[in-house]
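So the chains spell out like this:
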Amino acid sequence: MANGQWFPPDWPDRIRALADGTLTPVPPRRAATVMLLRDTEAGPAVHMLRRRASMAFAAGAYAYPGGGVDPRDDDRTIRWAGPTRAWWADRLGVDETTAQAIVCAAVRETYEEAGVLLAGPGPDSVVGDTTGEVWEADRAALVARELSFAEFLDRRGLTLRSDLLGAWTRWITPEFEPRRYDTWFFVAALPEGQRTRNASTEADRTVWIRPQDAAAGYDRGELVMMPPTIATLRQLIPYTSPAEALAAAPDRDLTPVLARARLENGEVVLSWPGHAEFTKHVPADVQEGPLA
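This section reports on the structure supplied with the text.

Reading the values: rules and limits
Residues numbered from 1 in each chain as written. Predicted model: local features only at pLDDT ≥ 70, side-chain atom pairs only at ≥ 80, totals over all residues. Heavy atoms only, no water. Helix = DSSP H or I, 4+ residues; strand = E, 2+ residues; numbered from the N terminus. Buried < 20%, exposed > 50% of the residue type's maximum accessible area, 1.4 Å probe, protein only. Contact = heavy atoms within 4.5 Å. Areas by Shrake-Rupley, 256 points an atom, 1.4 Å probe, with all protein chains shown as cover. Pairing = 2+ DSSP bridges. Axes fitted to C-alpha atoms, helices over the stretch in contact; angles between N-to-C directions. Parallel < 35°, antiparallel > 145°, perpendicular 65-115°, else oblique. Left-handed = near helix turned anticlockwise from the far one by under 90°. 1 Å grid on protein atoms, 1.4 Å probe; cavity = no way out; pocket = protein on both sides within 12 Å on 5 of 7 lines; lining within 4 Å. Points joined across faces, edges and corners; volume = space filled by probe spheres on them. Nonpolar A, V, L, I, M, F, W, Y, C, P; charged D, E, K, R; others polar. Core = buried A, V, L, I, M, F, W, Y, C linked by side-chain atoms within 4.5 Å.

### Considerations on the overall build of the protein
The number of helices and strands found in the protein is eight helices and 14 strands. When the 292 residues of the protein are sorted by exposure, 54% land in the buried category. Counting contacts in the protein only where the partners sit at least 6 residues apart, residues at least 24 apart contribute 70% of the total. Carbon and sulfur atoms make up 50% of the accessible area of the protein, which amounts to about 12900 Å² in all.

### Some remarks on the sheet that holds strand E7 (residues 159-161)
Across the sheet, which stays open at both edges, the three strands sit in the order E5-E7-E6 with mixed pairing between neighbours. The sheet terminates laterally at strand E5 (80-81) and strand E6 (119-120), the two strands that pair on one side only. As paired strands, E6 and E7 are joined by two bridges and run antiparallel to one another. For Gly 120, the partnering residue across the bridge sits in E7 and is Thr 159.

### Some words on the packing of helix H4 (residues 133-143) against helix H5 (residues 149-156)
Running from amino to carboxyl end, H4 crosses H5 at an angle of 160°, the nearest separation of the two axes being 10 Å. On the basis of their axis angle, the class for H4 and H5 is roughly antiparallel. When you trace H4 past H5, the crossing you get is right-handed. Contact residues: Val 134, Trp 135, Asp 138 and Leu 142 in H4; Phe 149, Phe 152, Arg 155 and Arg 156 in H5.

### Details of empty space enclosed by the protein
Scanning all chains against the criterion turns up one cavity of 30 Å³ or more. Counted as a void, the largest cavity has a volume near 30 Å³. If you trace the largest cavity, you find it lined by Leu 37, Pro 44, Pro 211, Leu 236, Tyr 239, Ser 241, Pro 242 and Ala 245. Across the lining of the largest cavity, the residue classes tally to seven nonpolar, one polar and no charged.

### Quick word on the nonpolar core
Core analysis: the biggest nonpolar cluster contains 41 residues, and Leu 92, Leu 117, Phe 149, Leu 165 and Phe 186 have the highest contact counts within it. At nine residues, the largest contribution of residues to this core is made by helix H3 (residues 96-114).

### What to know about the sheet that holds strand E12 (residues 260-264)
Read from one edge to the other, the open sheet built from three strands follows the order E12-E13-E14, with strand pairing classed as antiparallel. Edge positions in the open sheet fall to E12 and strand E14 (275-283), since each of these has one partner strand only. Taking each pair of neighbouring strands and ignoring which way they run, the sheet shows an average axis angle of 25°. Summarising the sheet, E12 and strand E13 (residues 267-272) pair through five bridges and their orientation is antiparallel. The residue bridging Arg 262 from the neighbouring strand is Val 269, located in E13. The strands that helix H7 (residues 227-236) touches are E13 and E14; relative to E14, the one it contacts most, it runs at about 160°.

### Here's the deal with the pairing of strand E1 (residues 29-38)
When you tally the buried positions in E1, you get seven out of 10 residues, the bulk of the element. Across nine bridges, E1 lies against strand E9 (residues 181-189) in parallel orientation. Counterpart to Met 35 in the pairing with E9 is Val 187. One ladder, built from three bridges, connects E1 with strand E4 (residues 66-68); its direction is antiparallel.

### As for the environment of Leu 160
Tracing the sequence through the fold places Leu 160 in strand E7. Under the relative-accessibility criterion, Leu 160 is labelled buried at 0%. C-alpha of Leu 160 to C-alpha of Cys 104: the two residues are 56 residues apart in sequence and 7.9 Å apart in space. Here Leu 160 is in contact with Ile 78, Arg 79, Trp 80, Ala 81, Val 103, Cys 104, Val 107, Leu 118, Ala 119, Phe 149 and Leu 153, once residues within four sequence places are set aside.

Structure, rendered in structure tokens:
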């Protein structure tokens, strides 16, 4: 592996099946992930998780906090501050109910997996400390889906701060994957007084790392990542602060990035529009083997 690019071992067979019409794509599930940033003396750093080696999918790969939308994330009782649901619906290209669910999923998953909460007692405040046994009990209940996010916010008298998020990009899992996600990537700055911790059961390590250093580790083959992760890291490199990245977010193009597989000169060519570095070639007449 020349770099840290990770692909599932069954992709070649599934790509060929999609190309010859014997595989029917499953509908993608909506999801959200957050690139949490903080200032350092050397420039902005991003919070990343390393998936446990025991995981069946993308073992050892680095990623951001995130996950699927909970059906209860569109609960209308959620206290809301920042841009309206209508604004977010227009920005994300969905209806208002779905927009709330996606934004709530981003905030909820960041709390569940990193212990960072983008919410506060009022529309202009944010909680300063989310540690302690009571906070941890609520976080565990959220992870177990014993408690909805709306119930959690209501119990603590908190308001979701949608203004602390910036929608960055959108990737959809390729059509040949058995589990698919339609994922919105967001940027956010670590709130003052809060600190991250490894709260995810799927991660064995967390790091704060400069995007350029993470990308260099990937290029050397030292850090394993999936295409959306390394692509977004490269996009963050030009920004000199979390505030600068957040300010740039409203102008970002959210056209979905979806891999395409096509037959060409005896090969199945797998490509991601706008991301030539991920293009792969699979012999059309070979039943097994790695992506070239």
